[in-house]
Amino acid sequence: MSAPPPAPAPVPPEPTLTRQVVIKPDGRRIAFYHFEPADAEPPPASPPEGSRHVGAALESAAG
Amino acid sequence: MSELRWNPLLGEWTITATRRQERTFLPPADYCPLCPTRPGAFETEIPTPAFDIVVFENRFPSLQASPPSPTVEGNDLYPVRPAQGVCEVVVYTDRHATTLAEESVERIRRLILVWRDRFAELGARDEVAYVYIFENKGEAIGVTLHHPHGQIYAYPFIPPRIARKLTQAQRHWNATGRDLLGDVLAEEQRDGRRIVCENEAFVAFIPFFARLPYETLLVPRRQVAAITDFDAGERWRLAEILKTLLTGYDRLFGFSLPYIMALHQRPTDGEDYPYVRFHMEFLPPHRTADKLKYLAGSESGAGAFINDTIPEATAPRLRDCCAGG
């Protein structure tokens, strides 16, 4: 008999979303979303822009 | 100039949007229009020095709430309509050099909450028949801005590929009383070879019929028709599995993988769609680290996809990457 699957990790409490809408000078709408509580996690470390690599050098022929 | 022109050969609308030719193309990081406006620096689209998540109307929209009148006169063969709708940009973070895969599960959950809010608000508008949330990532897909962001198109019609999927789902529902995607999910779970990752609420797999080597479908175990129908637990599990899947994609070839990410939901035209199941579709163009799948003669001219791989071979590799290998 196989072991029962591990219990799922608990779901952290969901933050409350609020939306603040501003009209830009050219008439377009911009919405700022805020969350309560604020995200306590520090932002992930990102490589500097110059070292980022999205995608790869690609072959020239269609395939 | 922006208008809808009817294609009688395919029975679908083409959107013209000539102003988009002028849009910002791969600016240097110092002049990214999606970064916050720093003191003393140039004014970006977002007039604050920091923000969490921001959504704004696209400066170069294909669809507009108050569109101009068509520039040409339509007729019975070639109907023409104003390009009414909404095009929004969703900026995931104020940090330029990151990707959704690199963000925390908590931040991804907050993005899901924003998607839910946008779907509810845009879908409630009388002129909006379909709210389409998506992300184009990577130059291989054709992105013009690297700052992590997605888009929302609120169409005044149901787009043709989505309409075709709805027709198939409705046929299956009428014939069996079951939702088609639920049966696809059950078959993928029964077989098991093409499953990439899963949790309590969602399963991701490269479908039996995949058109691209690493195309995946992300499907909820429970039939819900729209992102507004998930409960808080399901939203967290969706954020968790998105983190797992996108991290796995980035491990696949050892670089941040370009993709199209598409959310598929019920239309918002006021009709009933009991046969719809929310799902997300990921379409990475890479077939190897340095080769792309092009939509060439058979795909673009005839609409018949040729996949150079089989999902039973590609899914284990992506599964290993999602598991951390």
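Residues numbered from 1 in each chain as written. Chains lettered and ligands numbered in written order. Predicted model: local features only at pLDDT ≥ 70, side-chain atom pairs only at ≥ 80, totals over all residues. Heavy atoms only, no water.

1. Observations regarding the overall build of chain B
Piece 1. Counting its secondary structure elements, chain B contains 6 helices and 14 strands.
Piece 2. Residues classed as buried in chain B amount to 55% of the 325 residues present.
Piece 3. Taken as a whole, chain B presents about 13,600 Å² of accessible surface, with 51% of it coming from carbon and sulfur. (Helix = DSSP H or I, 4+ residues; strand = E, 2+ residues; numbered from the N terminus. Buried < 20%, exposed > 50% of the residue type's maximum accessible area, 1.4 Å probe, protein only. Areas by Shrake-Rupley, 256 points an atom, 1.4 Å probe, with all protein chains shown as cover.)

2. Overview of the side chain of Glu215(B)
Residue and element names in this part refer to chain B.
Piece 1. Here Glu215 shows up in the loop between strand 9 (202-205) and strand 10 (216-220).
Piece 2. For Glu215, the side chain forms a polar contact with the main-chain nitrogen of Arg211, separated by 2.8 Å.
Piece 3. Apart from the residues within four sequence positions on either side, Glu215 is in contact with Phe205, Ile206, Pro207, Ala210, Tyr249, Glu281, Phe282, Leu283 and Pro284. (Polar contact = N/O pair within 3.5 Å; in protein donor to acceptor, adjacent residues only side chain to side chain. Contact = heavy atoms within 4.5 Å.)

3. Quick look at the pairing of strand 3 (residues 53-57) of chain B
Piece 1. For strand 3 of chain B, the buried fraction is high: 5 of the 5 residues fall into the buried class.
Piece 2. Across the two faces of strand 3 of chain B the burial is the same, with Ile53(B), Val55(B) and Glu57(B) and Val54(B) and Phe56(B) all buried.
Piece 3. Summarising the sheet, strand 2 (residues 29-36) of chain A and strand 3 of chain B pair through 4 bridges and their orientation is antiparallel. For Ile30(A), the partnering residue across the bridge sits in strand 3 of chain B and is Phe56(B). (Pairing = 2+ DSSP bridges.)

4. So, the sheet that holds strand 2 (residues 12-17) of chain B
All names here are of chain B.
Piece 1. Read from one edge to the other, the open sheet built from 3 strands follows the order 2-1-4, with strand pairing classed as antiparallel. Since the sheet does not close on itself, it has two edges, and those belong to strand 2 and strand 4 (80-82), each with one partner. Across the sheet, the axes of successive neighbouring strands diverge by a mean angle of 30°, strand direction being ignored.
Piece 2. For strand 1 (residues 2-7) and strand 2, the ladder comprises 6 bridges, and the chain directions are antiparallel. Along strand 2, the bridge assignment pairs Leu4 with Ile15. (Axes fitted to C-alpha atoms, helices over the stretch in contact; angles between N-to-C directions.)

5. Re the nonpolar core
Residue and element names in this part refer to chain B.
Piece 1. By size, the foremost hydrophobic cluster in this structure holds 59 residues, and its most contacted members are Trp115, Leu238 and Met280.
Piece 2. Sequence-distant contacts of Met280, that is, excluding residues within four places in its chain, are made with Trp115, Thr216, Leu217, Leu218, Leu238, Leu242, Met261, Ala262 and Leu263.
Piece 3. Leu63, Leu166, Tyr273 and Val276 belong to the second largest nonpolar core, which has 19 residues in total. (Core = buried A, V, L, I, M, F, W, Y, C linked by side-chain atoms within 4.5 Å.)

6. Description of the confidence of the model for chain A
Piece 1. For chain A, per-residue confidence averages 72 on the pLDDT scale, and 52% of positions sit at 70 or higher.
Piece 2. For the stretch residues 56-63 of chain A, pLDDT sits under 50, and the model shows 20 contacts to residues farther than four places along the chain or on other chains. (pLDDT = per-residue confidence, 0-100.)

7. Brief notes about helix 4 (residues 232-252) of chain B
All names here are of chain B.
Piece 1. Taking 1.5 Å as the rise per residue, helix 4 with 21 residues should run 30 Å; its terminal C-alpha atoms sit 31 Å apart, in good agreement.
Piece 2. Where helix 4 starts, the residue carrying a side-chain oxygen 3.1 Å from the main-chain nitrogen of Gly233 turns out to be Asp231.
Piece 3. Directly after helix 4, the chain includes Gly254, whose backbone phi takes a positive value near 85°. (Expected span 1.5 Å × (residues − 1).)

8. Some thoughts on helix 3 (residues 180-191) of chain B
Residues and elements named next belong to chain B.
Piece 1. Compared with the 16 Å implied by 1.5 Å per residue over 12 residues, the 17 Å span of helix 3 between its first and last C-alpha is a close match.
Piece 2. Of the residues making up helix 3, those classed as buried are Leu181, Gly182, Val184, Leu185 and Glu188. An end-on view of helix 3 places all buried positions within 160° of arc, on one side of the element.
Piece 3. Once helix 3 finishes, Gly192 follows within two positions and takes phi at roughly 85°, a positive value. (Arc of directions from axis to C-beta.)

9. Here's the deal with the sheet that holds strand 10 of chain B
Piece 1. Here we have 11 strands laid out as an open sheet, ordered 1(A)-2(A)-3(B)-5(B)-7(B)-6(B)-11(B)-12(B)-10(B)-9(B)-8(B), and antiparallel in their pairing. The open sheet is flanked by strand 1 (16-23) of chain A together with strand 8 (195-198) of chain B, the only strands paired with a single partner. Strand-to-strand twist across the sheet, computed as the mean angle between neighbouring axes with direction ignored, equals 20°.
Piece 2. In terms of strand pairing, strand 5 (residues 86-91) of chain B meets strand 7 (residues 149-155) of chain B through 6 bridges, oriented antiparallel. For Val86(B), the partnering residue across the bridge sits in strand 7 of chain B and is Ala154(B).
Piece 3. Along the sheet, helix 4 of chain B makes contact with strand 6 (130-137), strand 8, strand 9, strand 10, strand 11 (259-264) and strand 12 (279-283) of chain B, crossing strand 9 of chain B at roughly 20°.

10. Some points on the pattern of salt bridges
Piece 1. Within this structure, the stated rule accounts for 35 salt bridges over all chains.
Piece 2. Notably, a salt bridge pairs Glu299(B) with Lys293(B), separated by 2.7 Å at the nearest N-O pair. Here the two residues Glu299(B) and Lys293(B) agree in accessibility, since each one is buried.
Piece 3. Each of Arg19(A), Arg29(A), Glu88(B), Asp117(B), Arg118(B), Glu121(B) and Arg125(B) takes part in salt bridges that share partners, so that together they form one network. (Salt bridge = Lys/Arg side-chain N within 4 Å of Asp/Glu carboxyl O.)

11. Things to note about the environment of Ser256(B)
Residue and element names in this part refer to chain B.
Piece 1. With respect to the helices and strands, the residue Ser256 is situated in the loop between helix 4 and strand 11.
Piece 2. Spatially, the C-alpha atom of Ser256 lies 8.3 Å from that of Gly138, the residues being 118 residues apart in sequence.
Piece 3. A polar atom in the side chain of Ser256 sits 2.8 Å from the side chain of Lys137.

12. A few points about the environment of Leu145(B)
Piece 1. Residue placement: Leu145(B) occurs in the loop between strand 6 and strand 7.
Piece 2. Once the C-alpha coordinates of Leu145(B) and Pro28(B) are considered, the two residues, 117 residues apart in sequence, prove to be 9.3 Å apart.

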